[in-house]
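# Results of the structural survey
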Amino acid sequence: LEAFGNAKTTRNDNSSRFGKYIEIGFDKRYRIVGAHMRTYLLEKSRVVFQAEEERNYHVFYQLCASASLPEFNILKQGSANSFHYTKQGGSPVIDGVDDAKELRNTRRACALLGIGDQYQLGIFRILASILHFGNVEFKSRDADSCLISPKHEPLIIFCDLMGVEYEEMSHWLCHRKLVTATETFIKPLNRLQATNARDALSKHIYANLFNWIVCHVNKALLSSAKQNSFIGVLDIYGFETFEINSFEQFCINYANEKLQQ
(Lines give C-alpha, C1' and ligand atoms only; values in the text may rest on other atoms or scores of the structure.)
Protein backbone atom coordinates (compact mmCIF):
# COMPACT_ATOMS: atom_id res chain seq x y z
CA LEU A 1 0.00 0.00 0.00
CA GLU A 2 2.96 2.31 0.50
CA ALA A 3 3.87 1.96 -3.18
CA PHE A 4 0.30 2.64 -4.32
CA GLY A 5 -0.78 5.15 -1.67
CA ASN A 6 2.32 7.16 -0.74
CA ALA A 7 3.99 9.97 -2.66
CA LYS A 8 6.63 12.63 -2.44
CA THR A 9 5.32 16.03 -1.31
CA THR A 10 7.17 19.24 -0.56
CA ARG A 11 7.02 18.28 3.14
CA ASN A 12 7.80 14.58 3.04
CA ASP A 13 9.47 12.21 0.57
CA ASN A 14 7.18 9.35 1.63
CA SER A 15 3.87 10.94 2.57
CA SER A 16 0.80 8.72 2.98
CA ARG A 17 -1.91 10.16 0.73
CA PHE A 18 -4.82 8.11 2.09
CA GLY A 19 -6.39 7.42 5.46
CA LYS A 20 -6.88 4.01 7.03
CA TYR A 21 -8.41 2.35 10.05
CA ILE A 22 -6.95 -0.99 11.14
CA GLU A 23 -8.47 -3.42 13.62
CA ILE A 24 -5.90 -5.83 15.07
CA GLY A 25 -7.62 -8.91 16.52
CA PHE A 26 -6.48 -10.88 19.60
CA ASP A 27 -7.50 -14.21 21.08
CA LYS A 28 -8.15 -14.84 24.80
CA ARG A 29 -4.41 -15.10 25.44
CA TYR A 30 -3.84 -11.72 23.75
CA ARG A 31 -2.06 -13.16 20.75
CA ILE A 32 -2.64 -11.50 17.39
CA VAL A 33 -4.97 -13.65 15.30
CA GLY A 34 -5.71 -11.36 12.37
CA ALA A 35 -6.51 -7.86 11.21
CA HIS A 36 -8.80 -5.92 8.93
CA MET A 37 -8.31 -2.55 7.27
CA ARG A 38 -10.60 0.12 5.88
CA THR A 39 -9.24 2.93 3.73
CA TYR A 40 -10.71 6.30 2.80
CA LEU A 41 -9.91 9.63 1.16
CA LEU A 42 -7.32 8.37 -1.30
CA GLU A 43 -5.92 11.51 -2.95
CA LYS A 44 -7.12 10.60 -6.44
CA SER A 45 -6.31 14.07 -7.78
CA ARG A 46 -2.59 13.25 -7.42
CA VAL A 47 -2.91 10.67 -10.20
CA VAL A 48 -3.43 13.43 -12.77
CA PHE A 49 -1.74 16.44 -11.17
CA GLN A 50 1.24 17.16 -8.93
CA ALA A 51 2.46 20.50 -7.65
CA GLU A 52 6.04 21.66 -8.27
CA GLU A 53 8.68 19.45 -6.61
CA GLU A 54 6.13 16.69 -5.89
CA ARG A 55 5.58 13.26 -7.39
CA ASN A 56 2.69 11.04 -8.33
CA TYR A 57 2.35 7.76 -6.42
CA HIS A 58 5.61 5.85 -5.99
CA VAL A 59 4.52 2.84 -8.03
CA PHE A 60 4.39 4.86 -11.27
CA TYR A 61 8.07 5.81 -10.94
CA GLN A 62 8.97 2.28 -9.93
CA LEU A 63 7.35 1.06 -13.13
CA CYS A 64 9.11 3.66 -15.29
CA ALA A 65 12.48 2.83 -13.70
CA SER A 66 11.94 -0.84 -14.58
CA ALA A 67 10.84 -0.30 -18.19
CA SER A 68 13.75 -2.37 -19.56
CA LEU A 69 12.54 -5.61 -17.94
CA PRO A 70 11.59 -8.15 -20.66
CA GLU A 71 8.16 -8.84 -19.15
CA PHE A 72 7.36 -5.13 -19.40
CA ASN A 73 8.01 -4.83 -23.17
CA ILE A 74 4.28 -5.06 -23.81
CA LEU A 75 3.69 -1.97 -21.66
CA LYS A 76 5.57 0.38 -24.03
CA GLN A 77 7.03 2.16 -21.03
CA GLY A 78 9.38 5.12 -21.06
CA SER A 79 10.99 7.32 -18.43
CA ALA A 80 8.90 9.29 -15.95
CA ASN A 81 9.69 12.45 -17.90
CA SER A 82 7.92 11.06 -20.97
CA PHE A 83 4.49 10.98 -19.28
CA HIS A 84 2.30 13.96 -18.44
CA TYR A 85 1.06 12.29 -15.27
CA THR A 86 4.55 11.83 -13.79
CA LYS A 87 6.53 14.86 -14.96
CA GLN A 88 4.42 17.80 -13.80
CA GLY A 89 6.22 18.17 -10.48
CA GLY A 90 9.60 18.34 -12.21
CA SER A 91 11.10 16.10 -9.51
CA PRO A 92 10.88 12.46 -10.67
CA VAL A 93 13.77 11.21 -8.51
CA ILE A 94 14.02 11.01 -4.71
CA ASP A 95 17.57 11.27 -3.35
CA GLY A 96 18.74 7.94 -1.99
CA VAL A 97 15.81 5.96 -3.43
CA ASP A 98 16.30 3.35 -6.18
CA ASP A 99 12.85 3.06 -7.78
CA ALA A 100 13.79 -0.10 -9.69
CA LYS A 101 14.82 -1.78 -6.43
CA GLU A 102 11.64 -0.56 -4.78
CA LEU A 103 9.57 -2.25 -7.50
CA ARG A 104 11.24 -5.54 -6.66
CA ASN A 105 10.19 -5.00 -3.03
CA THR A 106 6.65 -4.17 -4.16
CA ARG A 107 6.46 -7.35 -6.23
CA ARG A 108 7.71 -9.44 -3.30
CA ALA A 109 5.03 -7.89 -1.09
CA CYS A 110 2.39 -8.73 -3.71
CA ALA A 111 3.60 -12.33 -3.79
CA LEU A 112 3.32 -12.56 0.01
CA LEU A 113 -0.29 -11.40 -0.28
CA GLY A 114 -1.05 -14.15 -2.76
CA ILE A 115 -1.04 -11.87 -5.81
CA GLY A 116 0.76 -14.05 -8.35
CA ASP A 117 2.82 -13.07 -11.37
CA GLN A 118 -0.16 -13.08 -13.74
CA TYR A 119 -2.18 -10.75 -11.54
CA GLN A 120 0.86 -8.56 -10.96
CA LEU A 121 1.30 -8.14 -14.70
CA GLY A 122 -2.38 -7.20 -14.88
CA ILE A 123 -1.79 -4.50 -12.26
CA PHE A 124 1.17 -3.14 -14.21
CA ARG A 125 -0.87 -3.14 -17.44
CA ILE A 126 -3.45 -0.94 -15.74
CA LEU A 127 -0.79 1.40 -14.35
CA ALA A 128 0.94 1.70 -17.73
CA SER A 129 -2.38 2.31 -19.47
CA ILE A 130 -3.10 5.20 -17.09
CA LEU A 131 0.27 6.79 -17.93
CA HIS A 132 -0.31 6.47 -21.68
CA PHE A 133 -3.87 7.74 -21.27
CA GLY A 134 -2.53 10.92 -19.68
CA ASN A 135 -0.61 11.63 -22.91
CA VAL A 136 -3.79 11.62 -25.01
CA GLU A 137 -4.22 15.07 -26.56
CA PHE A 138 -7.34 16.74 -27.93
CA LYS A 139 -7.55 19.20 -30.81
CA SER A 140 -10.25 21.85 -30.97
CA ARG A 141 -12.66 21.75 -33.88
CA ASP A 142 -14.40 24.89 -32.66
CA ALA A 143 -15.37 26.41 -29.31
CA ASP A 144 -17.80 23.58 -28.54
CA SER A 145 -16.19 20.43 -29.92
CA CYS A 146 -12.87 18.62 -30.21
CA LEU A 147 -11.30 15.54 -31.74
CA ILE A 148 -8.43 13.09 -31.36
CA SER A 149 -6.04 12.65 -34.25
CA PRO A 150 -6.43 9.37 -36.18
CA LYS A 151 -4.09 6.62 -34.98
CA HIS A 152 -3.03 8.68 -31.95
CA GLU A 153 -0.28 6.53 -30.43
CA PRO A 154 -0.99 7.07 -26.69
CA LEU A 155 -4.63 6.13 -27.20
CA ILE A 156 -3.71 3.13 -29.36
CA ILE A 157 -1.46 1.81 -26.56
CA PHE A 158 -4.12 2.51 -23.92
CA CYS A 159 -6.75 0.61 -25.90
CA ASP A 160 -4.41 -2.33 -26.51
CA LEU A 161 -3.53 -2.59 -22.82
CA MET A 162 -7.10 -2.21 -21.61
CA GLY A 163 -8.75 -4.30 -24.34
CA VAL A 164 -11.13 -1.63 -25.64
CA GLU A 165 -11.96 -0.46 -29.16
CA TYR A 166 -10.00 2.54 -30.42
CA GLU A 167 -12.84 4.08 -32.44
CA GLU A 168 -15.31 3.77 -29.57
CA MET A 169 -12.87 5.25 -27.09
CA SER A 170 -11.90 8.08 -29.43
CA HIS A 171 -15.57 8.96 -29.97
CA TRP A 172 -16.73 8.88 -26.35
CA LEU A 173 -13.76 10.84 -25.06
CA CYS A 174 -14.99 13.72 -27.20
CA HIS A 175 -18.75 13.28 -26.64
CA ARG A 176 -21.25 12.68 -23.86
CA LYS A 177 -24.65 11.04 -23.81
CA LEU A 178 -27.62 12.77 -22.21
CA VAL A 179 -30.64 10.59 -21.50
CA THR A 180 -34.02 12.18 -20.78
CA ALA A 181 -37.38 10.55 -20.16
CA THR A 182 -38.18 10.47 -23.89
CA GLU A 183 -34.96 11.13 -25.82
CA THR A 184 -31.23 10.48 -25.91
CA PHE A 185 -28.84 13.21 -27.01
CA ILE A 186 -25.19 12.92 -28.04
CA LYS A 187 -23.41 16.20 -27.34
CA PRO A 188 -19.82 17.12 -28.20
CA LEU A 189 -17.30 18.17 -25.58
CA ASN A 190 -14.89 21.03 -25.99
CA ARG A 191 -11.17 20.50 -25.48
CA LEU A 192 -11.17 21.40 -21.77
CA GLN A 193 -14.19 19.23 -21.01
CA ALA A 194 -12.64 16.27 -22.83
CA THR A 195 -9.37 16.70 -20.93
CA ASN A 196 -11.25 16.78 -17.64
CA ALA A 197 -13.18 13.65 -18.65
CA ARG A 198 -9.91 11.87 -19.50
CA ASP A 199 -8.48 12.77 -16.09
CA ALA A 200 -11.68 11.74 -14.29
CA LEU A 201 -11.51 8.29 -15.90
CA SER A 202 -7.83 7.93 -14.96
CA LYS A 203 -8.64 8.71 -11.32
CA HIS A 204 -11.55 6.30 -11.32
CA ILE A 205 -9.44 3.46 -12.74
CA TYR A 206 -6.67 4.03 -10.19
CA ALA A 207 -9.10 4.24 -7.26
CA ASN A 208 -10.67 0.91 -8.23
CA LEU A 209 -7.24 -0.69 -8.56
CA PHE A 210 -6.28 0.61 -5.11
CA ASN A 211 -9.49 -0.80 -3.60
CA TRP A 212 -8.82 -4.17 -5.25
CA ILE A 213 -5.38 -4.28 -3.62
CA VAL A 214 -6.86 -3.36 -0.21
CA CYS A 215 -9.29 -6.30 -0.57
CA HIS A 216 -6.37 -8.66 -1.19
CA VAL A 217 -4.51 -7.27 1.83
CA ASN A 218 -7.56 -8.00 3.98
CA LYS A 219 -7.84 -11.54 2.57
CA ALA A 220 -4.22 -12.15 3.56
CA LEU A 221 -4.84 -10.79 7.08
CA LEU A 222 -7.99 -12.83 7.60
CA SER A 223 -7.78 -15.62 10.18
CA SER A 224 -10.09 -18.50 11.04
CA ALA A 225 -9.16 -18.22 14.73
CA LYS A 226 -11.82 -16.76 17.02
CA GLN A 227 -11.25 -13.12 17.91
CA ASN A 228 -11.82 -12.17 21.55
CA SER A 229 -10.81 -8.50 21.47
CA PHE A 230 -9.21 -5.95 19.18
CA ILE A 231 -7.28 -2.70 19.07
CA GLY A 232 -8.33 -0.07 16.55
CA VAL A 233 -5.65 2.11 14.98
CA LEU A 234 -6.71 5.22 13.08
CA ASP A 235 -4.12 6.65 10.67
CA ILE A 236 -5.02 9.96 9.04
CA TYR A 237 -2.47 11.60 6.79
CA GLY A 238 -1.27 14.91 8.16
CA PHE A 239 -2.70 18.37 8.47
CA GLU A 240 -0.80 20.20 5.76
CA THR A 241 -1.36 23.37 3.80
CA PHE A 242 0.27 23.48 0.38
CA GLU A 243 0.38 26.21 -2.24
CA ILE A 244 -2.16 24.07 -4.15
CA ASN A 245 -4.39 21.83 -2.00
CA SER A 246 -6.40 18.92 -3.34
CA PHE A 247 -10.02 18.32 -2.35
CA GLU A 248 -8.92 15.28 -0.34
CA GLN A 249 -6.34 17.39 1.53
CA PHE A 250 -9.06 19.93 2.32
CA CYS A 251 -11.26 17.14 3.72
CA ILE A 252 -8.48 15.70 5.86
CA ASN A 253 -7.54 19.13 7.19
CA TYR A 254 -11.18 19.65 8.18
CA ALA A 255 -11.29 16.23 9.86
CA ASN A 256 -8.06 16.89 11.79
CA GLU A 257 -9.39 20.24 12.97
CA LYS A 258 -12.59 18.59 14.24
CA LEU A 259 -10.60 15.88 16.02
CA GLN A 260 -8.48 18.52 17.75
CA GLN A 261 -11.62 20.33 18.91
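Everything here concerns the structure above.
We now turn to the structure provided with this report. This is a predicted model, so every value here is computed, not measured. (Residues numbered from 1 in each chain as written. Predicted model: local features only at pLDDT ≥ 70, side-chain atom pairs only at ≥ 80, totals over all residues. Heavy atoms only, no water.)

## So, the state of the cysteines
Definition in use: Cysteine sulfur atoms that pair up within 2.5 Å are treated as a disulfide. Think of it in three bands: with a 1.4 Å probe and only protein chains considered, a residue is buried below 20% of the maximum accessible area for its type, exposed above 50%, and partly exposed in between.
Applying the stated criterion across every chain, the model contains zero disulfides. Cys159 takes part in no disulfide bond, and the closest cysteine sulfur to it belongs to Cys174, at a distance of 12 Å. Its relative accessible area of 4% is what places Cys159 among the buried residues. Cysteine Cys174 shares no disulfide, and the gap to the nearest cysteine sulfur, in Cys146, comes to 3.8 Å. For Cys174, a relative accessible area of 2% puts it in the buried group.

## Considerations on the pairing of strand E5 (residues 139–142)
Quick reminder of the rule: One requirement defines pairing of two strands: DSSP has to find at least two bridges between them. Numbering of helices and strands starts at the N terminus; helices are DSSP runs of H or I of at least 4 residues and strands are runs of E of at least 2.
With three bridges connecting them, E5 and strand E6 (residues 145–147) associate as antiparallel partners. Within E6, the position partnered with Asp142 by the bridge is Ser145. If you look at the hairpin formed by E5 and E6, you'll find two residues sitting between the two strands.

## Here's the deal with unusual backbone geometry
One non-glycine residue, Tyr30, lies in positive phi territory at about 65°. By the secondary structure assignment, Tyr30 is in the loop between strand E3 (19–26) and strand E4 (32–40). Positive phi is not limited to glycine here, since Leu41 has a value of about 55°. Looking at where Leu41 falls in the secondary structure, it is placed in the loop between E4 and helix H2 (58–65). Overall, the relative accessible area of 29% leaves Leu41 in the partly exposed class.

## So, the pattern of salt bridges
Note the following rule: Throughout this description, the term salt bridge denotes a Lys or Arg side-chain nitrogen within 4 Å of a carboxyl oxygen of Asp or Glu.
Tallying each qualifying case throughout the model produces eight salt bridges. A salt bridge links Lys20 to Asp235, with the shortest nitrogen-to-oxygen separation between them at 2.7 Å. Here Lys20, found in strand E3, pairs with Asp235, found in strand E9 (residues 229–235); they are 215 residues apart in sequence, far enough to count as distant. In this structure Asp235 comes out as partly exposed when scored by relative accessible area, which is 29%.

## Here we look at the sheet that holds E3
Counted only if it meets this: Lines fitted to C-alpha atoms define the axes, with helix axes restricted to the stretch in contact, and inter-axis angles between N-to-C directions lie between 0 and 180 degrees.
One open sheet accounts for three strands, arranged E4-E3-E9; its pairing is antiparallel. Edge positions in the open sheet fall to E4 and E9, since each of these has one partner strand only. Each strand of the sheet is rotated relative to its neighbour by a mean of 15°, with strand direction disregarded.

## Some words on the nonpolar core
Here is the rule: Residue types Ala, Val, Leu, Ile, Met, Phe, Trp, Tyr and Cys, when buried and joined through side-chain atoms within 4.5 Å, form a set referred to as a nonpolar core. In what follows, residue pairs with any heavy atoms lying within 4.5 Å of each other are defined as contacts.
One finds Phe4, Phe60, Leu127, Leu155 and Tyr206 to be the most contacted residues of the largest nonpolar core, which totals 51 residues. If you list the elements that add at least two residues to this core, you get helix H1 (2–5), H2, helix H4 (99–112), helix H5 (117–133), helix H6 (153–162), helix H7 (166–173) and helix H8 (191–221). By residue number, the principal contributor to this core is H8, which donates eight residues. If near-sequence neighbours (up to four positions away) are discounted, Leu155 is found in contact with Phe133, Val136, Ile148, Tyr166, Met169, Ser170 and Leu173.

## Quick notes on H8
Within an α-helix, residues lying three or four positions from one another point in the same direction, as the helix has 3.6 residues per turn. Rule in force here: To estimate the expected span of a helix, subtract one from its residue number and multiply by 1.5 Å. Polar contacts here mean pairs of N or O atoms no more than 3.5 Å apart (in protein, one a potential hydrogen donor and the other a potential acceptor; neighbouring residues in sequence count only if both atoms are side-chain atoms).
For H8, with 31 residues, the first-to-last C-alpha span of 46 Å sits near the 45 Å given by 1.5 Å per residue. Put simply, Asn190 is the residue that caps the front of H8, since its side-chain oxygen is 3.2 Å from the backbone nitrogen of Leu192.

## Some words on the pairing of E4
Relative to E4, E3 runs antiparallel, the two being bridged by eight bridges. Bridge pairing links Ile24 to Ala35 in E4. With antiparallel pairing between neighbouring strands as the criterion, E3 and E4 make up a hairpin whose turn holds five residues, including Tyr30 at a positive phi of roughly 65°.

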